[in-house]
Amino acid sequence: MKRTPSVVLGLCSYTHDSSAALLVDGELVGFVEEERLSAQKHTKLYPARAVGWLLDQAKLSASDVDIVAYNFQPVRYLAESPAALRMALSPMTRDRSLARAIGFAKVALRTRRRLRDLGSQFPSARVTPVLHHRAHQLTAFAASGWEEAAVLVVDSLGERQTTTIAHGHGIQRPRLQPLEAINDPASLGYVYGAVTEHLGWRRGDEEGTVMALAALGDPARFRHLFTTAVRTRATGFRIHPGYFPTRTLTSGYPRTSRRFVAETCLERHPSEPLTDVHRDLAAALQERTEQVMVHLARRARVLTGSRRLCVGGGVATNCVSIGKIIEADIFDEVFVPPAPGDAGTAIGAALAVHVDGRSPRPVAGIARHGYLGPSYEDQPLDLTPWPGLHQKTLGIETAEFLADQLAHGMIAGLFQGGVEAGPRALGNRSILASPLEPGVVERLNATVKFREPFRPFAPMVPAERAAEFFTLGQPAPYMSMASGVTDLTRERVPAIVHANGTSRLQTVTRSQNPFIHAVLTAFGRRTGVPVLINTSLNVKGKPICGTPEMALDCLANSGLDALLLEGWWITK
């Protein structure tokens, strides 16, 4: 009788945001993105460091892996080729139909080769490809810890799919009922990425910058264009190819059309100044994205009848859209996992294999867990490579000490415990600052993060005091939701309110992160405001610091005043 697979390695690799997750008998050993260990942002290389750490944590070798779960299915790409050829029948899509058919076929073959390459690294393992959106769905639903929920996934592209709705059931053995899917070229992620690139930022990396810029513009100027270009219908939406030409998966084909340029503006070079037309274009894009996301959430409510919603995929990182869904009061509660993008599908792929294998072991270690990567508590500190840095050991009142330093205006990095999953700083790899300090936002952007001056900073607050300052009305543990603010916030801490009147909120419970909760409480005692600015421990263009060496480089090469690294207080 064949043994039930017990060691499942989930991988996201060779595309972008490489990562790995390991399940042993259904329990998540850990998850980490390769960039946090390699210092190469959005790396697409095989996640060798991540896999090595996971196997070491479980005291296993590559030969102990039973199944490698990969987050794409090559055959699904191949199915798009005949559909692409049919696009030749329409004058709007004719010029790209052949290139699209060839492009999807090439990606299918390339993905098959990647599966063979993975198999060669794990001699006892079977390599199992998992439908990309199913991996997203399982990641989002399992992380929620809910027994039942609607699941909405919106991204740029997973094989052929760009948007899916499913109904999730079960905590110990999460299972999904697929209900509806939208295929490319109807892709909200594709449109957002195309405009991000048109505005002079890196597609697949700096969409958040466009979201921030949108608050400074007037959407009315290009509202009609986006209503025409992204048209909703009862079961979803479609994209007008006259504005956003059909995707080809082949380089050399622009994502915006001559008509789009004629009706908006020329493509902006990153060195060119921002003008009102750029702000207005970002505002109209963001407004339409929010409208379509709320429309899709309503569709998920109708199809599932559920009062809870899980949202995954790259577009789920658009925190303002998530906030709009919550404001619309469609669901009692909305949840976004800590790693909603492609990196998180390593977890979902492993889950899919575990569930499909009919293992009797329940899933564990995923629900409401955000600190899933390596920790360095016992590693000795050697500052030899950084001669300008100085260290001292702190006593047991570390939270009180840090709160006092922040209350006196210091901007401090924080490196503690396990690496966070996903793109947000959740209090283990953070830069913290007092929102009461004059000019703190300008200083953070200009001298610490080295980024655009209009970028806002997110607040964190003890969950039990969130209602005093924010109007969200539900938990926000992973900094994935934009919330309205109260009059008290506008009066006492305007630095954390963006131009659109919202804040990307993180609510912190004592059980979630005892140290950060203690720091917030201590800061509140000193200042009367238990709110801190929290941004990720990195500078623009670099990944969040996953290792002590990365954190020390960040301190040495930025405007940070100090770094609290596992009980060491390090200054310049």
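Cut-off values and rules
- Residues numbered from 1 in each chain as written.
- Predicted model: local features only at pLDDT ≥ 70, side-chain atom pairs only at ≥ 80, totals over all residues.
- Heavy atoms only, no water.
- Pairing = 2+ DSSP bridges.
- Helix = DSSP H or I, 4+ residues; strand = E, 2+ residues; numbered from the N terminus.
- Axes fitted to C-alpha atoms, helices over the stretch in contact; angles between N-to-C directions.
- Contact = heavy atoms within 4.5 Å.
- Buried < 20%, exposed > 50% of the residue type's maximum accessible area, 1.4 Å probe, protein only.

Novice: Kindly report on the sheet that holds strand E21 (residues 568–571), identifying the contributing residues and their values.
Specialist: Across a sheet, strands are paired by hydrogen bonds formed along the backbone, either parallel or antiparallel in direction. What the nine strands build is an open sheet, ordered E13-E21-E20-E14-E15-E19-E16-E18-E17; its pairing is mixed. Only two strands of the sheet have a single partner each, and these edge strands are strand E13 (390–393) and strand E17 (481–484). Across the sheet, the mean angle separating the axes of adjacent strands is 35 degrees when strand polarity is ignored. Relative to strand E19 (residues 532–536), strand E15 (residues 429–433) runs antiparallel, the two sharing four bridges. Bridging from a neighbouring strand, Ala 433 pairs with Ile 533 of E19. Against the sheet, helix H18 (residues 514–527) touches strand E14 (412–415), E15, strand E16 (458–462), strand E18 (502–508), E19 and strand E20 (562–565), its axis set at about 90 degrees to E16.

Novice: So what's going on with the pairing of strand E6 (residues 148–158)? Residues and values would help.
Specialist: Most of E6 sits inside the fold, with nine of its eleven residues counted as buried. In this structure, E6 lies alongside strand E7 (residues 161–169), joined through eight bridges in antiparallel fashion. What sits directly across from Glu 148, in E7, is His 169. Counted between consecutive antiparallel strands, the loop separating E6 from E7 contains two residues, among which Glu 159 sits at a positive phi close to 55 degrees. Both E6 and strand E11 (residues 308–312) contribute to a ladder of four bridges, which runs parallel. Bridge pairing in E11 links Val 153 to Gly 312.

Novice: Please provide a residue-by-residue account of the environment of Ala 20, values included.
Specialist: Tracing the backbone through its elements, the reader meets Ala 20 in strand E2 (residues 19–24). For Ala 20, a relative accessible area of 0% gives the class buried. Sequence spacing of Ala 20 and Gly 344 is 324 residues, and the spatial spacing of their C-alpha atoms is 8.6 Å. Those residues within four positions of Ala 20 in sequence are excluded, and the remaining contacts are Leu 9, Gly 10, Leu 11, Gly 30, Phe 31, Val 32, Pro 47, Ala 50, Val 51, Leu 54 and Ala 346.

Novice: Account for the pairing of strand E8 (residues 175–183), with residues named and values stated.
Specialist: Sheet topology places E7 next to E8; eight bridges connect them, and they run antiparallel. Pairing of Ala 166 across the sheet is with Pro 178, part of E8. Between E7 and E8, which follow one another and run antiparallel, lie five residues, and Gly 170 among them has a positive phi close to 95 degrees.

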